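Spelled out from the first residue to the last, the chains are:
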Amino acid sequence: MAKEASRSLVVRVFSGLVALLDGTRRLLLNLILLALIVGALAWVWQRARTPALQEKTTLVLELSGGIVDQARGGSPRSQALAQLRGQGEQQMRLRDVVAVLDAAARDEHVTQALLLLDGLDGTGLVTLREVAAALERFKAAGKKVVAWGAEYDQRGYYLAAHANEVWLHPMGAVFIEGYGRYRSYYKEAFDRLGVSANVVRAGKFKNAAETFSASGPSPETVESDRALYGSLWASWTGGVERARKLPAGSIMGYIDGIPGSLQALGGDSAQLGLRSKLVDALKTRDEMRKTLIERGAEDEKNKTFRQVSFGEYLARVKPPEGTSKSDSVAVVVAQGEIVDGRAGPGLVGGLSTAEQIRKAREAEDVKAIIVRVNSPGGSAFGSELVRRELELARTAGKPVVVSMGDLAASGGYWISMAADEIIADEATITGSIGVVGMLPSAEEALAKVGIRSAGTTTTWLAGAADVKRTPDPRLVATVQSIIDHAYGQFIGMVARERKLTREQVDAVAQGRVWSGKDARGHMLVDRLGSWADAVAAAHKRAKLADGTVARLRYFEAEPGRLQKLLMGFGLREAAAAQVDARVAWLLGDAPAEAGLQDVAAGMAATAGLGLVSPELAAALVADLGWLADVATRRRPFATATHCLCAAP
């Protein structure tokens, strides 16, 4: 009895200790979670108590990474988390940059702006032109813009040229190279390896897969590229020369004279920029800081000029006065490659983007829809899903306006033609009305290492798309028929929507890309204009009451629950996403698969290519990625409306 009582006592004591430890653990976890929530809310409250700006404040517009219509790489939460970890490409939204400049132009406390452009990358000419227009509006409000850079590349200098003054570091340079590209052609390598791309296309200019089936550019490709790059270059040089008040031809003169001019100056590239009137002064960073203090006001605490950063000012931006609370204009962003199903930000999912348009169509407060298209195309089926939903919106009585960004070609144009009005920039790359498909085969390559493919099937179509076999001629003929039908369907819809004959469309289609300026001449777009013009057109077509300014309502991926909570306290979506990410990271609730896959892919590509430079490795992987995707999916009857092009 004594032993049993003793054993029972030990069990009770042990159970009590376990319960105590478990309770302590739960208490500590709850306290930690409570501390995190309280800390996050305190941070939100602090951000909400934004102090008023002092007079003579300088807006510091440091543009880093790419300026895009829609940041890619997942939800706002995952993007913020990636930035906290130092991962991923930094991107800024065009609408945020424009909103900051326009709000600062009206703000009496902001007297000047400083442009820092050393980190700007991956931004197309149309986007640059939109930012430049916002800079001009800022200047028109009587405020100065100063640009400073350690050096200027072509993208950065386009914006710098629109400043009142351009300052360059004494060891810097203005590097302008023009437009153009050199493609890699793989046919000879494929022949040696025993690989065949078997390209099937409709349109003599449809060169999306030409690099896999030829050893050099076709005459049609040379003709198309020369016209396109010439048009873009004329837009770039014209914009810079007008902004800098330089005679026409000054930029070409600068480039052509670089060898002799640099030699005469002893290789001093900064002096070359100064003497060519591309920059106004050479200043080190401390000299820049001193000058801005003299022109503005000194921040005595931080020993610099009084300033507000882009991010800080963005948190202050509010909708313009008079914005309607009951009427909205929906905005759907179609940016990136078009795929069949669902896709996150930075891609156009046939299903997900169509669903966003459907929600806009069904929303009672939405009076018109703007689709911002910035896409090289992709899946023909995915493109049709989006086009059809836009057609339904028009049938339901909601006007549709398409605003073309840097790139709206092939599938991007397929989407666009469903609009009541298409507005493009003169530098938009569009057109590419054509269809292409591929039937890759590696039978000979496998045979060289002693691998053969054989088997029994019930029909000739079974395994017809197997890359281990040469395509059956009947399959090639069948795919060609499907491609031709898709092309006929494409030009037929263009003819109907643009009120042209099929012969007129076919003459300017054939897979050829056009600049927005040339596309207007061929009646593929309605007019040339900016994003602001598209917004004005949507208001006009919505037939709103005189003076009504509709709210721009973006239909995108929904924010998470914590983000919604934080936004309820008045915090902007981007800041709310950052807090949400911090909490998720601390709680261990952050997905890492995407980042690991990206790193693994990059390492595999570099290792697999041996001594090839990272730049060339990236180019090769990008070029061959589509071919590999076609081979992996084994969908012989899938058609692509893709230009395989990018904004330079």
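It should be noted that the structure appears before, not after, this text.
It should be emphasised that the depicted structure is a prediction, and the values quoted were computed from it without experimental measurement.

Colleague: Would you mind going over the pattern of salt bridges with me for this structure?
Modeller: A side chain with one charge can pair with a side chain of the opposite charge if their charged atoms come near. Tallying each qualifying case throughout the model produces 30 salt bridges. Between Arg129 and Asp425 there is a salt bridge; the shortest N-O distance is 2.9 Å. Taken together, the positions of Arg129 in helix H4 (residues 125-140) and Asp425 in the loop between strand S18 (421-424) and strand S19 (429-431) put the pair 296 residues apart, joining distant regions of the chain. By relative accessible area, which is 7% here, Asp425 ends up buried. For Arg474, the salt bridge is made with Asp472, and the minimal N-O distance between the two is 2.9 Å. The class of Arg474 is partly exposed, set by a relative accessible area of 45%. Shared partners join several salt bridges into a network, and the residues in it are Glu384, Arg387, Arg388, Glu391, Arg394, Asp420, Arg496 and Glu497.

Colleague: Can you walk me through the side chain of Ser403 in this structure?
Modeller: For Ser403, the location among the structural elements is in strand S17 (residues 400-409). On the basis of relative accessibility, which here comes to 1%, the residue Ser403 falls in the buried class. What Ser403 contacts, discounting residues up to four positions off in sequence, is Ile370, Val371, Arg372, Val373, Ile423, Trp531 and Ala534.

Colleague: Would you mind showing me how to read the nonpolar core here?
Modeller: Generally speaking, a soluble globular protein has its nonpolar side chains buried in company with each other. Core analysis: the largest hydrophobic core is formed by 65 residues, its most contacted members being Leu63, Tyr152, Tyr157, Trp236 and Tyr313. Leave out the neighbours within four places in its chain, and Tyr157 touches Tyr152, Val166, Val174, Ile176, Trp236, Val240, Arg244 and Leu278. The next biggest cluster of nonpolar side chains, apart from the first, holds 52 residues, and it includes Ala202, Leu439, Leu475 and Ala519.

Colleague: Is there a simple way to explain the packing of helix H3 (residues 94-106) against H4 in this structure?
Modeller: A pair of packed helices can be characterised by two numbers: the angle between their axes and the separation between those axes. Remark: H3 packs on H4, axes separated minimally by 8 Å, with the N-to-C direction vectors making an angle of 10 degrees. Taken together, the axes of H3 and H4 lie roughly parallel to each other. Here Leu94, Val97, Val98, Leu101, Asp102, Ala104 and Ala105 of H3 come into contact with H4, specifically with Thr127, Glu130, Val131, Ala134, Leu135, Arg137 and Phe138. Here the contact of H3 with H4 is built from residues that sort into 10 nonpolar, one polar and three charged.

Colleague: So what exactly am I meant to see when it comes to a nonpolar patch on the surface here?
Modeller: Together, Leu27, Leu28, Leu31, Leu34 and Val38 make up an exposed nonpolar region whose accessible area comes to about 470 Å². Inspection of the secondary structure assignment puts Leu31 in helix H1 (residues 2-48).

Colleague: I keep staring at the packing of aromatic side chains and nothing clicks. Help me out?
Modeller: Counted under the stated rule, the structure contains eight aromatic pairs. Where Trp414 meets Phe490, the ring centres are 4.6 Å apart and the plane angle is 45 degrees; that geometry is what we call tilted. One end of the pair, Trp414, is in helix H16 (residues 411-416); the other, Phe490, is in helix H18 (residues 473-498), with 76 residues separating them in the sequence. Assessed through its relative accessible area of 2%, Trp414 is described here as buried. By the ring-pair criterion, three or more aromatic residues cluster together here, those being Tyr158, Tyr179, Trp233 and Trp236. Lys283 extends its terminal NZ or CZ atom over the ring of Trp167, reaching a point 5.1 Å from the ring centre. Over the aromatic face of Phe205 sits the side chain of Arg512, whose NZ or CZ is 5.1 Å from the ring centroid.

Colleague: Any chance you could explain unusual backbone geometry here in plain terms?
Modeller: Of all residues except glycine, most have a negative phi; of all peptide bonds, most are trans. At Lys277, a position not held by glycine, the phi torsion is positive, near 65 degrees. In this structure, Lys277 sits in the loop between helix H11 (269-275) and strand S8 (281-282). A positive phi angle is found at Lys499, which is not glycine, with a value near 60 degrees. Mapped onto the elements of the fold, Lys499 is located in the loop between H18 and helix H19 (502-508).

Colleague: Just checking my understanding: could you explain H4 for this structure?
Modeller: Residues separated by three or four positions in an α-helix point in the same direction, a consequence of the helix having 3.6 residues per turn. Across its 16 residues, H4 extends 22 Å between first and last C-alpha, which sits within 8% of the 22 Å expected from 1.5 Å per residue. Every buried residue of H4 is accounted for by Leu125, Val126, Thr127, Leu128, Glu130, Val131, Ala132, Ala134, Leu135, Phe138 and Lys139. Where H4 ends, the next residue or the one after it, Gly142, has phi of about 85 degrees, a positive value.

Colleague: Would you explain the packing of helix H15 (residues 380-395) against H18 in this entry?
Modeller: Their axes nearest at 14 Å, the elements H15 and H18 cross at an angle of 25 degrees. With respect to H18, the element H15 is oriented roughly parallel. As H15 runs across H18, the sense of the crossing is left-handed. Contact residues: Glu384, Arg387, Glu391 and Arg394 in H15; Met493, Arg496 and Glu497 in H18. Classifying every residue of the contact of H15 with H18 gives one nonpolar, no polar and six charged.

Colleague: I'm lost on the sheet that holds strand S5 (residues 144-149) in this one. Help?
Modeller: Pairing between sheet strands relies on hydrogen bonds along the backbone, with the strands arranged either parallel or antiparallel. What the six strands build is an open sheet, ordered S8-S6-S5-S4-S1-S11; its pairing is parallel. Each edge of the sheet is formed by a strand with only one pairing partner; in this case those strands are S8 and strand S11 (307-309). Two elements, strand S1 (residues 57-62) and S11, share three bridges in a ladder whose sense is parallel. Residue Val60 lies in a different strand from S11, and its bridge partner there is Ser309. Across the sheet, H3 is in contact with S1 and strand S4 (110-116); its angle to S1 comes to roughly 170 degrees.

Colleague: What is the right way to look at the pairing of S5 in this model?
Modeller: In regular strands, side chains alternate between the two faces of the sheet. Taking burial as the measure, the six residues of S5 include five buried ones, the bulk of the element. Relative to S5, S4 runs parallel, the two sharing five bridges. Within S5, the position partnered with Ala113 by the bridge is Val145. As for the winding sense of the linkage, the β-α-β connection from S4 through H4 to S5 is right-handed.

Colleague: Can you walk me through the environment of Val402 in this structure?
Modeller: For Val402, the position within the fold is in strand S17. Once the C-alpha coordinates of Val402 and Ile422 are considered, the two residues, 20 residues apart in sequence, prove to be 4.8 Å apart. Not counting residues within four places of it along the chain, the set of residues in contact with Val402 comprises Val371, Val373, Ser416, Ala419, Glu421, Ile422 and Ile423.

Parameters at a glance
Residues numbered from 1 in each chain as written. Predicted model: local features only at pLDDT ≥ 70, side-chain atom pairs only at ≥ 80, totals over all residues. Heavy atoms only, no water. Salt bridge = Lys/Arg side-chain N within 4 Å of Asp/Glu carboxyl O. Helix = DSSP H or I, 4+ residues; strand = E, 2+ residues; numbered from the N terminus. Buried < 20%, exposed > 50% of the residue type's maximum accessible area, 1.4 Å probe, protein only. Contact = heavy atoms within 4.5 Å. Core = buried A, V, L, I, M, F, W, Y, C linked by side-chain atoms within 4.5 Å. Axes fitted to C-alpha atoms, helices over the stretch in contact; angles between N-to-C directions. Parallel < 35°, antiparallel > 145°, perpendicular 65-115°, else oblique. Nonpolar A, V, L, I, M, F, W, Y, C, P; charged D, E, K, R; others polar. Patch = residues over 30% accessible without salt bridge, like charges linked within 9 Å, V, L, I, M, F, W, Y side chains within 5 Å. Areas by Shrake-Rupley, 256 points an atom, 1.4 Å probe, with all protein chains shown as cover. Phe/Tyr/Trp six-rings, centres within 6.5 Å; stacked < 30°, edge-to-face > 60°. Lys NZ or Arg CZ within 6 Å of the ring centre and 35° of its normal. Expected span 1.5 Å × (residues − 1). Left-handed = near helix turned anticlockwise from the far one by under 90°. Pairing = 2+ DSSP bridges. Right-handed = clockwise from strand over helix to strand, strands pointing away.

All we've got here are geometric facts, nothing functional implied.
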